[in-house]
Amino acid sequence: MRPATVAALALLVLAPSGGAARPPPPPEAPSAPAPQASTKTGIVTLQSPAPEAILLRESTFTMGSTPAEVAHAQTLCALEPMGRECPEQIFGDEYPPHEVYLSDVWIDRTEVTVARYRRCVAAGHCLEPPYASGAARFDRPELPVVMVSYGDAVAFCTWAGGRLPTEAEWERAARGARGRRYPWGNLWNGSIVNHGKLSWDELDPTDGFLELAPAGSFPDGRTPDGFADMAGNVEEWVADYYAPRYQEGSVMNPRGPSSGEERVLRGGGYVHGRPFLRAASRQHDLPSMRRPWRGFRCARDP
């Protein structure tokens, strides 16, 4: 949910009512970094860097939400500062739950950082994000790149030898085959995710960050496979056009509608409260729109 829609939501609310080894480096990637040395307590230890991408093995899972899960999402709104139940239609685009088969796919462990994105800019394949227009605080190499359009995300992933993940691939990575509510499990924990709140002021510093956090800052919020920041920090562009309902029945490697006006966003950002950080939650926007809480990660076929 975009902050610009919070006032409209408030009116509705108040009205009656399996990891694997690193893949071959993509074209943009430098050679693997050397192990890092740690000298705490005078003992030198070597720490291997985390893999840049994780292989998500072929699997079948249930995508979307049941009426019971949507009802739970509604009650989560009551725990937010606005303190009221959200209307069911806010989460109605998570229907119907359906079985999805996915083939093997590599997906980035973290969101694409400013440092990675700038290599594409330097190569002449990507546009410079509009940080100079009052967003210079986000121009730090360790932060996820933000203020990028859908086209910017596609351009980077193509240059890097990949593509954007589909909505189904993204949800499978976040939820796992058993359908976790959040990337880390079924219970909310606001200390392991860079989140906001459902309020007139969406920013919430209680997780340690008022706005963006460096990519991978919440290791306890990772999925069991090792994917980081699949809830909070930045919401992420995925490949699919948006439709207000999923298709019925089982599907194999779904790509979403063949056309549309808006693209899907997943994961929520640092302005979103707990109902919208669930792994099944969906957002959508025009592909040209840029937001300071919006970024992406890439996928690659084996």
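Cut-off values and rules
- For every chain, the first residue of the written sequence is number 1, and numbering continues from 1 along that sequence.
- Residues qualify for local features only when their pLDDT is at least 70, as the model is predicted, and side-chain atom pairs are given and counted only at 80 or more; totals for whole chains, interfaces and linings, by contrast, use all residues.
- Values reported for side chains reflect all heavy atoms of the structure, with hydrogen atoms and water molecules removed beforehand.
- Here a helix means four or more residues in a row that DSSP labels H or I, a strand means two or more in a row labelled E, and each is numbered from the N terminus.
- Partly exposed describes any residue whose relative accessible area lies between the buried limit of under 20% and the exposed limit of over 50%, with all areas from a 1.4 Å probe on protein chains only and scaled to the type maximum.
- Any pair of cysteine sulfurs within 2.5 Å is marked as a disulfide.
- Whenever a carboxyl oxygen of Asp or Glu lies within 4 Å of a side-chain nitrogen of Lys or Arg, that contact is scored as a salt bridge.
- Under the pairing criterion, centres of Phe, Tyr and Trp rings, with the six-membered ring standing for Trp, must be within 6.5 Å; the plane angle then separates stacked pairs below 30 degrees from edge-to-face pairs above 60, leaving the rest tilted.
- Charges are assigned to positions over rings by a cutoff of 6 Å between ring centre and Lys NZ or Arg CZ, combined with an angular limit of 35 degrees from the ring normal.
- Buried Ala, Val, Leu, Ile, Met, Phe, Trp, Tyr and Cys residues form a nonpolar core when they are joined through side-chain atoms within 4.5 Å.
- Strands are labelled as partners when DSSP assigns at least two bridges between them.

- As annotated in an unreviewed UniProt entry, the chain carries the name Formylglycine-generating enzyme family protein and comes from Polyangium jinanense.

### Regarding the overall build of the chain
Then, in step 1: For the chain, the count of helices and strands is five helices and twelve strands.
Then, in step 2: For the chain, the residues scored as buried account for 53% of the 302 residues in total.

### Some words on the state of the cysteines
Then, in step 1: Per the counting criterion, the structure on display carries three disulfides.
Then, in step 2: Across the disulfide from Cys77 sits Cys86; the S-S distance is 2.0 Å. Where Cys77 bonds to Cys86 through sulfur, the torsion about that S-S bond is close to -100°, and the disulfide is left-handed.
Then, in step 3: Classification of Cys77 as buried rests on a relative accessible area of 0%.
Then, in step 4: Classification of Cys86 by relative accessible area gives buried; the value is 1%.
Then, in step 5: Residue Cys120 pairs covalently with Cys126 via a disulfide, S to S 1.9 Å. The sign of the 75° torsion about the S-S bond sets the Cys120-Cys126 disulfide as right-handed.
Then, in step 6: On the accessibility criterion, Cys120 (0% relative accessible area) is buried.
Then, in step 7: For Cys126, a relative accessible area of 9% puts it in the buried group.
Then, in step 8: Each disulfide of the chain joins two cysteines, and with those cysteines numbered along the sequence the arrangement is 1-2, 3-4, 5-6.

### Remarks on the pattern of salt bridges
Then, in step 1: Here the structure, examined in full by the defined rule, presents 25 salt bridges.
Then, in step 2: A salt bridge links Arg274 to Glu80, with the nearest nitrogen and oxygen atoms 2.8 Å apart. Taken together, the positions of Arg274 in the loop between strand E9 (263–266) and strand E10 (282–285) and Glu80 in the loop between helix H2 (67–77) and strand E5 (98–102) put the pair 194 residues apart, joining distant regions of the chain.
Then, in step 3: Looking at Glu80, the relative accessible area reads 6%, which means it is buried.
Then, in step 4: The partner of Arg116 in a salt bridge is Asp108, and the shortest N-O contact between them spans 3.2 Å. With respect to class, Arg116 is no different from Asp108; both count as buried.
Then, in step 5: Three or more residues joined by partner-sharing salt bridges are found here, namely Glu167, Glu171, Arg175, Arg266 and Arg282.

### Side note on the packing of aromatic side chains
Each aromatic ring pair is specified by the distance between its two centres and by the angle formed by the two planes.
Then, in step 1: If you walk through the whole model with that rule in mind, you get nine aromatic pairs.
Then, in step 2: Considering the side-chain rings of Tyr117 and Phe156, the 5.9 Å spacing of their centres and the 25° angle between planes classify their relative orientation as stacked. Taken together, the residues span a long stretch of sequence, with Tyr117 in helix H3 (residues 114–122) and Phe156 in helix H4 (residues 150–159) at a distance of 39 residues.
Then, in step 3: Connected via pairs of aromatic rings, a cluster forms that spans Tyr117, Phe156, Trp159 and Phe296.
Then, in step 4: Across the ring face of Tyr241, the terminal group of Arg263 is positioned such that the distance to the ring centre comes to 3.6 Å.
Then, in step 5: A cation over a ring is seen here: Arg294 above Trp237, with NZ or CZ 5.0 Å from the ring centre.

### With respect to the nonpolar core
Then, in step 1: Among the nonpolar cores identified, the biggest contains 29 residues, and Tyr117, Tyr131, Val145, Phe156 and Phe296 are the most heavily contacted of them.
Then, in step 2: Broken down by secondary-structure element, the contributors of at least two residues to this core are H3 and H4.
Then, in step 3: If you look at the next biggest cluster of nonpolar residues, it comprises 14 residues, including Ala174, Phe227, Met230 and Tyr242.

### Thoughts on the sheet that holds strand E12 (residues 299–300)
Then, in step 1: Spatial strand order, E3-E6-E12: three strands in an open sheet with antiparallel pairing. For this open sheet the edge positions go to strand E3 (53–56) and E12, each flanked by a neighbour on one side alone.
Then, in step 2: In this structure, strand E6 (residues 105–108) lies alongside E12, joined through two bridges in antiparallel fashion. Each bridged residue has a counterpart across the sheet, and for Ile107 the counterpart in E12 is Ala299.

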